[in-house]
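# Observations on the model geometry
Chain by chain, the residues run as shown.
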Amino acid sequence: MAGLHIFLSNKCTQRLTSAKLKDPCGPLKGPGSSGVLDVQGPLKELRNLSLLSPIVNNPSFKPSLTDKTYTYWERLGIKRIGDMYEMGKLLSFQQLQLKYNLKSNQYFKYLQFRDYLKKHIQGYQTLTLDLLDEAMNNKAESSNLISYLYNIILNIELPSTEAIRVDWERELLIKIPKETWEKYLIYIHKYSINARHNLIQFKILHRLYYSKTRLNKIYPNISPTCDKCLSQNATITHSFVSCTKLHKSWNEMFTKLFNIKLDPNTEMIIFGSMEDGNKLNTFQKSRLNYGLITAKKITQCLTCGFQICRKRHILKKCDSST
């Protein structure tokens, strides 16, 4: 609750909605402060300036820090940038005069502030409340405010994975439907309750794994050749599936796991057992998924396939997990 009170304090709200988000609430001190979510970076991406930004004492609008005219505006009711808009449109000086009874000699101050808006907001003539503004304006007293804001932050400009899907299609010479690709992305979190295991799958699926071919592009002195077979370039697919030194180990692992013939293929090993595990029941699929992720974890550390002790280790892990 301490974090919530800090978040909703007047000083913090002014900083959050101003154009300069530089340490919005100052350094957080006291018990539990280390666990408070740092939102200043993501919030800046929503908009450079908010309709809820204060006019007086706005750190990004220097004249408001010393000029008493804007304090006078505040007394008249022009407290926030949104007060200068009506129905999403910026009011003219004449309209502000009629609405707030501004004096004619304050026209220059109006032009000064309009120029500030022009510099900080693209298309400043028309503006409406965005999701963050709505949350701060309407949900300030809501018990789920933090969750609401957190969900907004998570959905800010989510990066597209379309290019990654195309790269996999090019490397594997297959077509991956978008619906199937979305399932693969969701399935990352279902491999194991161990976050590190899921991270391995995340890196592989998003092509973040540093294969030797990738390292070679960064450091030309590193050979792209696979350390296991010493004959082909070590792409992600080669490193985990197609290397000849791995074929026997994959087959043995699948046979010992299920006592049935289940030929491991590239899609199953790279993406999981969703589409190719139709022969298996739920229990077997669970063992297969855990076995796949454990094997991929070990493969990263080996120079010559799965050693016998490692294969036993995988089987033991699968048994303990189920």
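Conventions we followed
Residues numbered from 1 in each chain as written. Predicted model: local features only at pLDDT ≥ 70, side-chain atom pairs only at ≥ 80, totals over all residues. Heavy atoms only, no water. Helix = DSSP H or I, 4+ residues; strand = E, 2+ residues; numbered from the N terminus. Buried < 20%, exposed > 50% of the residue type's maximum accessible area, 1.4 Å probe, protein only. Contact = heavy atoms within 4.5 Å. Areas by Shrake-Rupley, 256 points an atom, 1.4 Å probe, with all protein chains shown as cover. Patch = residues over 30% accessible without salt bridge, like charges linked within 9 Å, V, L, I, M, F, W, Y side chains within 5 Å. Salt bridge = Lys/Arg side-chain N within 4 Å of Asp/Glu carboxyl O. Core = buried A, V, L, I, M, F, W, Y, C linked by side-chain atoms within 4.5 Å. pLDDT = per-residue confidence, 0-100. Phe/Tyr/Trp six-rings, centres within 6.5 Å; stacked < 30°, edge-to-face > 60°. Arc of directions from axis to C-beta. Polar contact = N/O pair within 3.5 Å; in protein donor to acceptor, adjacent residues only side chain to side chain.

Scanning the chain for helices and strands turns up 18 helices and two strands. Across the 322 residues of the chain, 41% fall into the buried class. Considering only contacts within the chain whose residues lie at least 6 apart along the sequence, 56% involve residues at least 24 apart. Carbon and sulfur atoms form 52% of the exposed surface of the chain, whose accessible area is close to 18,900 Å².

Together, Leu199, Phe202 and Leu208 make up an exposed nonpolar region whose accessible area comes to about 240 Å². The residue Leu199 is located in helix H12 (residues 195-205) in this model. Look at Leu199 and you get partly exposed, because its relative accessible area is 41%.

Our focus in this paragraph is the pattern of salt bridges. Considering all chains together, one arrives at eight salt bridges under this definition. Between Glu169 and Arg165 there is a salt bridge, and its shortest N-O distance comes to 2.9 Å. Taken as a pair, Glu169 and Arg165 lie in helix H10 (residues 162-172) at a separation of four residues, close to a single helical turn. For Glu169, a relative accessible area of 13% puts it in the buried group. Relative accessible area serves as the criterion here: at 8%, Arg165 is assigned to the buried category. Overlapping salt bridges bring together Glu162, Arg165 and Glu169 as one network.

By size, the foremost hydrophobic cluster in this structure holds 32 residues, and its most contacted members are Trp168, Trp181 and Phe271. Secondary structure elements with two or more residues in this core: H10, helix H11 (178-187), H12, helix H14 (236-242), helix H15 (244-258), helix H16 (266-271) and helix H17 (282-299). Trp181 has contacts with Thr161, Ile164, Arg165, Trp168, Ile176, Leu205 and Phe271, leaving out every residue within four places of it along the chain. With 24 residues, the next largest nonpolar core counts Ile55, Trp73, Phe93 and Leu127 among its residues.

The predicted coordinates should not be examined in detail at positions where pLDDT is low. Per-residue confidence for the chain averages 74 on the pLDDT scale, and 68% of its residues sit at or above 70. In the predicted structure, residues 21-46 sits below a pLDDT of 50 and forms 31 contacts with residues beyond four places in sequence or in another chain.

The next thing to look at is the packing of aromatic side chains. A complete count under the given rule lists 13 aromatic pairs for this structure. On the numbers, 6.4 Å between centres and 20 degrees between planes, the contact of Tyr107 with Tyr110 is stacked. Of this pair, Tyr107 and Tyr110 both sit in helix H7 (residues 107-120), three residues apart, which is roughly one turn of the helix. Among the residues examined, Tyr107 registers a relative accessible area of 40% and is labelled partly exposed. Using a relative accessible area of 4% as the deciding quantity, one classes Tyr110 as buried. Aromatic side chains Trp181 and Phe271 sit 6.4 Å apart centroid to centroid with 85 degrees between the ring planes, which places their arrangement in the edge-to-face category. With Trp181 in helix H11 and Phe271 in helix H16, the pair connects residues that are 90 residues apart, well separated along the chain.

Let's shift gears to helix H6 (residues 93-100). For H6, the complete set of buried residues consists of Phe93, Leu96 and Tyr100. In an axial view of H6, the angular spread of the buried residues amounts to 55 degrees, which keeps them on one side of the axis. Packed against the buried residues of H6 are helix H5 (68-76) and H7. Backbone geometry just after H6 places Asn101 at a positive phi near 65 degrees.

Moving on, we get to the side chain of Thr237. Position of Thr237 among the secondary structure elements: in helix H14. When its relative accessible area of 8% is taken as the criterion, Thr237 is described as buried. For Thr237, the side chain forms a polar contact with the side chain of Glu171, separated by 2.4 Å. Leaving out residues up to four positions away in the same chain, Thr237 has contacts with Trp168, Glu171, Leu172, Ser242 and Thr266.

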